[in-house]
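Notes for the structure review
Here is what each chain is made of, one letter per residue.
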Amino acid sequence: MRRFEAVLAVGIVVIVLGSLFVGFMASSIFSEGIETSHRAGGGGGTYHLTLLVSTNNWFSNLVGMQPAFYVVQNNHLLSSANITLPANVPINITIINFDDGSAPTDAQFANVTGTVGNVVYIANDSNINSTTAGGSGSGINIGAAQPVSYVNDSNIAHTFTIQLGTTTVVNIPIEPLSVETATFTLPDGVYHWHCMAACGSGSSGWGGAMATNGWMGGVLDAE
């Protein structure tokens, strides 16, 4: 019961912080050239998908804690096992990553693919949360998120990779302790999403969360 209460308390804090952070980042850091409308459907709008990666999620007595992706919607954390998105509509995705570690990743998944311009916009400790130059002024210095097409594979905590069969349609490498945003469009179809960084359990890192839908993978239905 104590573990449940602790997890519940952490979940509530993460939801509140995540919601506030998403709103702040969307209005401040990602305001340059990124549409963040929540409209969906075939009317030419943009659908906004927010994912949150947290650590220390209780998996089992054998495995212990594991990282997991959640969908953030209406101030709630929802399972990422089955994600439904509108087909042929721009998807503006925001990924909030609380994981501060890296995991082994194949070099091909270090490249951003399938997004508009094949780039992802990354906000991390190099452009936020720094004091103003020379220590003058007040508050923190917040710079614009940086567009990148490649992340060094030694600095990848997770990836959000969408595949159709064995073909990679979208790949977004995720840096530790970062907030990332990108835009992509999917044709109608049933896809699978995975993290392609070995962040699970076992000697290979491909067990536990990596082998379980709703943790580091799942089904993505574009319709």
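Residues numbered from 1 in each chain as written. Predicted model: local features only at pLDDT ≥ 70, side-chain atom pairs only at ≥ 80, totals over all residues. Heavy atoms only, no water.

**Considering the overall build of the protein**
As a reminder of what qualifies: In DSSP terms, a helix is any run of H or I states spanning at least four residues, a strand is any run of E spanning at least two, and both are numbered starting from the N terminus. Buried residues are those whose accessible area, probed at 1.4 Å on protein chains only, stays under 20% of the maximum for their type, while exposed residues exceed 50% and partly exposed ones sit between those limits. Contacts between residues were defined by any pair of non-hydrogen atoms, one from each residue, lying within 4.5 Å. Using a 1.4 Å probe, the Shrake-Rupley method yields the accessible areas, and only the shown protein chains count as cover for residues.
Scanning the protein from terminus to terminus reveals one helix and twelve strands. Walking the protein from its N terminus toward its C terminus, one meets helices and strands in the order α-β-β-β-β-β-β-β-β-β-β-β-β. Going through the 223 residues of the protein one by one, you find that 46% of them count as buried. For the protein, the share of sequence-separated contacts (at least 6 apart) that also reach a separation of at least 24 residues comes to 71%. Carbon and sulfur atoms make up 55% of the accessible area of the protein, which amounts to about 10,900 Å² in all.

**Side note on the sheet that holds strand E6 (residues 120-123)**
Convention followed: Two strands are said to pair when DSSP picks up at least two bridges between them. With axes taken as lines fitted to C-alpha atoms, and helix axes fitted only over the stretch in contact, angles between N-to-C directions fall between 0 and 180 degrees.
Spatial ordering of the open sheet is given by E3-E2-E1-E5-E10-E6-E7, a layout of seven strands whose pairing is mixed. Each of the sheet's edge strands pairs with one partner strand only, and the pair in question is strand E3 (76-79) and strand E7 (146-148). Neighbour-to-neighbour, the strand axes of the sheet open up by a mean angle of 35 degrees, direction not taken into account. Sheet analysis places E6 next to E7, joined by three bridges and oriented antiparallel. Note on E7: the bridge partner recorded for Tyr 121 is Pro 147.

**A short note on the pairing of strand E8 (residues 158-164)**
For E8, the tally of buried residues reaches six of seven residues, placing the bulk of the element in the interior. Here E8 runs beside strand E9 (residues 167-174); their pairing, made up of seven bridges, is antiparallel. Bridge pairing in E9 places Ile 162 opposite Val 170. Judged from the three bridges that link them, E8 and strand E11 (residues 189-194) form a sheet pairing that is antiparallel. Across the sheet, residue Thr 161 finds its bridge partner in E11, namely His 194.

**Describing the packing of aromatic side chains**
What counts is decided by this rule: Aromatic pairs are defined between Phe, Tyr and Trp rings, using the six-membered ring for Trp, whenever the two ring centres lie within 6.5 Å; interplanar angles under 30 degrees are classed as stacked, those over 60 as edge-to-face, and all others as tilted.
Scanning all chains against the criterion turns up four aromatic pairs. With centroids separated by 4.8 Å and ring planes inclined at 70 degrees, the aromatic side chains of Phe 59 and Trp 215 adopt a geometry described as edge-to-face. One end of the pair, Phe 59, is in strand E1 (residues 47-60); the other, Trp 215, is in the loop between E11 and strand E12 (217-222), with 156 residues separating them in the sequence. Judged by relative accessible area, Phe 59 falls into the partly exposed class, the value being 25%. Look at Phe 69 and Phe 160: their rings are 6.2 Å apart centre to centre, the planes differ by 45 degrees, and that puts the pair in the tilted class. Residue Phe 69 is found in strand E2 (residues 64-73), and its partner Phe 160 is found in strand E8; the two are separated by 91 residues along the sequence. Residues Phe 69 and Phe 160 agree in their burial class; the two are buried. In textbook terms, an aromatic cluster arises when at least three aromatic residues are bridged by ring pairs, as seen for Phe 69, Phe 160 and Trp 193.

**Quick look at the sheet that holds E8**
Across the sheet, which stays open at both edges, the five strands sit in the order E4-E12-E11-E8-E9 with mixed pairing between neighbours. In this open sheet, the two strands that pair with only one neighbour each are strand E4 (82-85) and E9. Strand-to-strand twist in this sheet, taken as the mean axis angle between neighbours without regard to direction, amounts to 20 degrees.

**Things to note about the pairing of E2**
Of all ten residues in E2, seven are buried; the element is thus mostly enclosed. Pairing geometry for E1 and E2, over eight bridges, is antiparallel. Looking at E2, one finds that Thr 50 is bridged to Val 72. The antiparallel pairing of E1 with E2 creates a hairpin that spans three residues between the two strands. Connecting the antiparallel pair E2 and E3 is a turn made up of two residues, with Asn 74 showing a positive phi of about 50 degrees.

**Digging into the environment of Gly 217**
Tracing the chain through its elements places Gly 217 in strand E12. Taking relative accessible area as the criterion, Gly 217 reaches 5% and is therefore assigned buried. Distance in space between the C-alpha atoms of Gly 217 and Cys 195 is 6.2 Å, their sequence separation being 22 residues.

**With respect to the side chain of His 158**
Our working rule: N or O atoms closer than or at 3.5 Å make up a polar contact, with two conditions inside protein: a donor-capable atom paired with an acceptor-capable one, and, for residues adjacent in sequence, both atoms drawn from side chains.
When you line up the elements, His 158 lands in strand E8. With relative accessibility at 0%, the residue His 158 sits in the buried group. Of the polar contacts made by the side chain of His 158, one reaches the side chain of Asp 99; its length is 2.8 Å. When sequence neighbours within four positions are dropped, the list of residues in contact with His 158 reads Val 53, Pro 67, Phe 69, Asn 97, Asp 99, Ile 172, Pro 173, Ile 174, Cys 195, Ala 197, Cys 199 and Met 216.

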